[in-house]
Every structure is written in C-alpha cells, then in structure tokens.
Amino acid sequence: MSLLELDTVSVGWPGQGPVLEDVSFTLERGARVGLVGPNGAGKTSLFHTIAGILPPQSGALRLSGQPVRKGQFQPDVALVFQQADDQLFCPTLIEDVAFGARNLGLPAPEVAARVADALDACGLSGLEDRPVTQLSGGEKRRACIAGALVMQPALMLLDEPSAALDLRSRRRLITLLAGMEQAMLIASHDLELLLDLCPRVIVLDAGRICADGPAREVLGNAALMAAHGQEVPHSLTPHDAASHGHSPQATA
Ligand SMILES: Nc1ncnc2c1ncn2[C@@H]1O[C@H](COP(=O)(O)OP(=O)(O)OP(=O)(O)O)[C@@H](O)[C@H]1O
Ligand SMILES: [Mg+2]
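Residues numbered from 1 in each chain as written. Chains lettered and ligands numbered in written order. Predicted model: local features only at pLDDT ≥ 70, side-chain atom pairs only at ≥ 80, totals over all residues. Heavy atoms only, no water.

**Some words on the overall build of the chain**
Inference 1: If you tally the helices and strands in the chain, you get ten helices and ten strands.
Inference 2: The C-alpha radius of gyration of the chain comes to 19 Å, within 12% of the 18 Å expected for a compact globule of 252 residues.
Inference 3: In terms of overall dimensions, the chain has C-alpha extents of about 60 × 50 × 35 Å along its principal axes.
Inference 4: By the burial criterion, 50% of the 252 residues in the chain qualify as buried.
Inference 5: Long-range contacts, defined as pairs at least 24 residues apart, comprise 63% of the intrachain contacts of the chain with a sequence gap of at least 6.
Inference 6: Looking at the chain as shown, the accessible area adds up to about 11,900 Å², and 51% of this sits on carbon and sulfur atoms.
Inference 7: Taking the average place of the 19 positive charges on the side chains of the chain and the average place of its 28 negative ones, the gap between the two points comes to 2 Å. (Helix = DSSP H or I, 4+ residues; strand = E, 2+ residues; numbered from the N terminus. Rg over C-alpha atoms; globule rule 2.2 N^0.38 Å. Buried < 20%, exposed > 50% of the residue type's maximum accessible area, 1.4 Å probe, protein only. Contact = heavy atoms within 4.5 Å. Areas by Shrake-Rupley, 256 points an atom, 1.4 Å probe, with all protein chains shown as cover. Lys, Arg positive; Asp, Glu negative; His and termini not counted. Charge placed at Lys NZ, Arg CZ, Asp CG, Glu CD.)

In structure tokens, the structure reads:
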C-alpha cells in the first residue's frame, strides 16, 4: 500500500476558482519527490491539502490507505511552512520545537531527547531559550524544520526549505535530509537542491501536473522547463571548464 495516494483531487480556496485540478500521484514510503512550478502554481495549496488544512472538493486523498479528513490530527505528516512566521508561535525556540512532540503525548524524557537531537541536527543548539521573534530568518527556517523532525513523521512536506538559508546552512540541510528515512515532498525553486535530493520530480503549473518522472529527465527537458517558467539547472546544462573561469585565458 502506498504511503500517500491522490486520485483526481481538485481543490479551491473558499470563494475562488480551482487551484488544483485532477491531481493524481502516489508516493511510496521513504520516497523523496521534488515539486517544481512557478509562483502561484498551487504547490503550497497541495501541501495544505495533504496536511488536512484545505479539503479536496472532489477526488480521493489517502494516507496509508486511510482518507485524510480536514482538521484531523495526522501524526504521520509534518508540514514545514513556506513562511516561518506562520509556523512559529511559542515564546521560545525550545518550546516551539517541543510542541509537536508534546502533542504526540510522548513522555517528557523522550520529548527532551527528540528536541535535543532536532536542535543539534539543525545547528540550533545553544539557542534554546531565545524568543522566536529574535531569531534570524535562516534560524527561523531551521527552527521550523526542527519542529517537524521531532515528530518523526512518515511524510515530511517541505515548502521552500532552502529559502533564506546561507550556503553552509543549505548544504547542511541537504546532508540532513539526504540521511533521513522519511518520505518527503519538497517544493522548491532551488532546482540544484532537488537534483541532489530527489530521484523524482513533479512539475505543477496552474494547478495541474504537467510532468512526473526521473529528476534529471524532467529538469533537463529545456522545452518543458521553459513552458512552465523554469530553466534547466546549471549542472544539467552542457558546459566546459572554460565557462567556470578555469581556462588558461580566464586566469591569465
Ligand atoms: N489562503 C488563500 N486564500 C485564497 N487564495 C489563496 C490562498 N493561498 C493561496 N491562494 C491562491 O492559490 C493559488 C496557488 O497558490 P499557492 O500558494 O499554492 O502557490 P505556490 O505554487 O505555492 O506559489 P509560490 O511559488 O509563490 O509559493 C494562487 O493563485 C494564490 O493566489
Ligand atoms: Mg508556495
């Protein structure tokens, strides 16, 4: 049985036309899938639907074979919000990161151990008592990821996880995610990050799936990328050392 199944799911925000139309795909346990599409394509709306915040108007959405119901607590799914300020709400970092684990009803020592591990993994140890309002943009993003990690969910929905991260933090995030067993859907405009992490990529545009296949095939398809407001990532573009400034002429 697939971890996640969407069967012709259509979704609309109240008072608006459809933002997702006939979206169908499945995700197996442990799979990492990139989600690519222009601004307004429906990536965040798709995550809100899977997380049970935005109910489908039609079609079927199942997690481990069970229908996802609006507002129902789903310990198997953790959503890392695109805007950190939409997610962080506790007075201090440690309380915020602990929230999900406490919600699972875990004993206090288990909560403390998971929080310490998540803070360490996200490079936030030492900032435990910092008010969340006093974290930098990149620290807030890492706090959101730590808050999802403590739940040890079967599926992580990461909405623009590398936005606002400096290069070292971005690389650290890639290493962290690459070492995780959980299934994840990663919505990102950072196509190189998707290439590093995701064997499979889905392209979403105007609420519809336009491509779903091997990452290098999909992201390397120049016509497809151009049709949906994207560019083939640099690492998939034929280029030689000269274009990196390594040629004798460039260094002379
Ligand atoms: N809370 C909301 N209420 C009403 N409409 C919304 C809401 N959130 C998003 N929309 C609309 O739904 C459509 C899809 O938006 P969504 O945020 O899912 O796009 P996205 O692919 O995540 O874009 P981006 O790359 O900019 O994050 C857009 O037309 C947007 O204006
Ligand atoms: Mg979005």
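**Notes on the layout of surface pockets**
Inference 1: Roughly 540 Å³ of internal volume is contained in the largest pocket.
Inference 2: Lining of the largest pocket is provided by 24 residues; of these, Val77, Ala78, Leu79, Phe81 and Met151 occupy positions nearest its centre.
Inference 3: Mapped by element, the contributors of at least two residues to the lining of the largest pocket are strand S6 (77–80), helix H3 (93–103) and helix H5 (137–149).
Inference 4: In terms of residue count, the dominant contributor to the lining of the largest pocket is H3 (five residues).
Inference 5: Taken together, the residues of the lining of the largest pocket sort by class into 15 nonpolar, eight polar and one charged.
Inference 6: There are two domains that each give the lining of the largest pocket at least three residues, and those are domain 1 (4–76 + 155–251) and domain 2 (85–152). (1 Å grid on protein atoms, 1.4 Å probe; cavity = no way out; pocket = protein on both sides within 12 Å on 5 of 7 lines; lining within 4 Å. Points joined across faces, edges and corners; volume = space filled by probe spheres on them. Nonpolar A, V, L, I, M, F, W, Y, C, P; charged D, E, K, R; others polar. Domains from an automatic or database assignment.)

**Digging into the environment of Gly30**
Inference 1: By secondary structure assignment, the location of Gly30 is in the loop between strand S2 (18–27) and strand S3 (32–36).
Inference 2: Residues Gly30 and Ala146 lie 116 residues apart in sequence; the distance between their C-alpha atoms is 19 Å.
Inference 3: For Gly30, the contacting residues outside a window of four places in its chain are Glu181, Gln182 and Ala183.

**Re the coordination of the magnesium ion (ligand 2)**
Each angle at a metal carrying four tetrahedral donors should ideally be 109.5 degrees, and each at a metal carrying six octahedral donors should ideally be 90 or 180 degrees.
Inference 1: In the first shell of the magnesium ion (ligand 2), the protein supplies Thr44 (OG1) and Gln82 (OE1), at 2.0 to 2.2 Å from the metal. Of the two residues, Thr44 is situated in helix H1 (residues 43–50) and Gln82 in the loop between S6 and helix H2 (84–87); the sequence distance between them amounts to 38 residues.
Inference 2: Using a relative accessible area of 24% as the deciding quantity, one classes Thr44 as partly exposed. (Donors = N, O, S within 2.8 Å, 3.2 Å for Na, K, Ca; no water.)

**Some thoughts on the UniProt feature "domain: ABC transporter" (unreviewed entry) in the chain**
Inference 1: In this numbering, the UniProt entry assigns the feature "domain: ABC transporter" (unreviewed entry) to residues 4–231.
Inference 2: In residues 4–231, helix accounts for 35% and strand for 26%; the two terminal C-alpha atoms are 29 Å from one another. (UniProt positions renumbered as here; feature names shortened; annotations may be inferred.)

**Considering the side chain of Glu160**
Inference 1: With respect to the helices, strands and loops of the structure, Glu160 is situated in the loop between strand S7 (155–159) and helix H6 (167–178).
Inference 2: Lys43 provides the closest opposite charge to the buried, salt-bridge-free Glu160, at an N-O distance of 4.9 Å.
Inference 3: Dropping the residues within four chain positions of it, Glu160 is found in contact with Lys43, Gln82, Arg141, Ala187, Ser188 and His189. (Salt bridge = Lys/Arg side-chain N within 4 Å of Asp/Glu carboxyl O.)

**Describing the site of ligand 1**
Inference 1: As a structural note, the neighbourhood of ligand 1 is formed by 13 residues, with Gly40, Lys43, Thr44, Ser45 and Gln82 the closest of them.
Inference 2: The separation between an oxygen atom of ligand 1 and a polar side-chain atom of Asn39 is 2.9 Å.
Inference 3: Thr44 is positioned with one of its side-chain polar atoms (N or O) 2.8 Å from an oxygen atom of ligand 1.
Inference 4: About the coverage of ligand 1: the protein hides 64% of its 640 Å² of free accessible area.
Inference 5: Ranked by the residues each element gives to the shell around ligand 1, the list is headed by H1, at three residues.
Inference 6: In the shell around ligand 1, the residues fall into four nonpolar, eight polar and one charged. (Near = heavy atom within 4 Å. Polar contact = N/O pair within 3.5 Å; in protein donor to acceptor, adjacent residues only side chain to side chain.)

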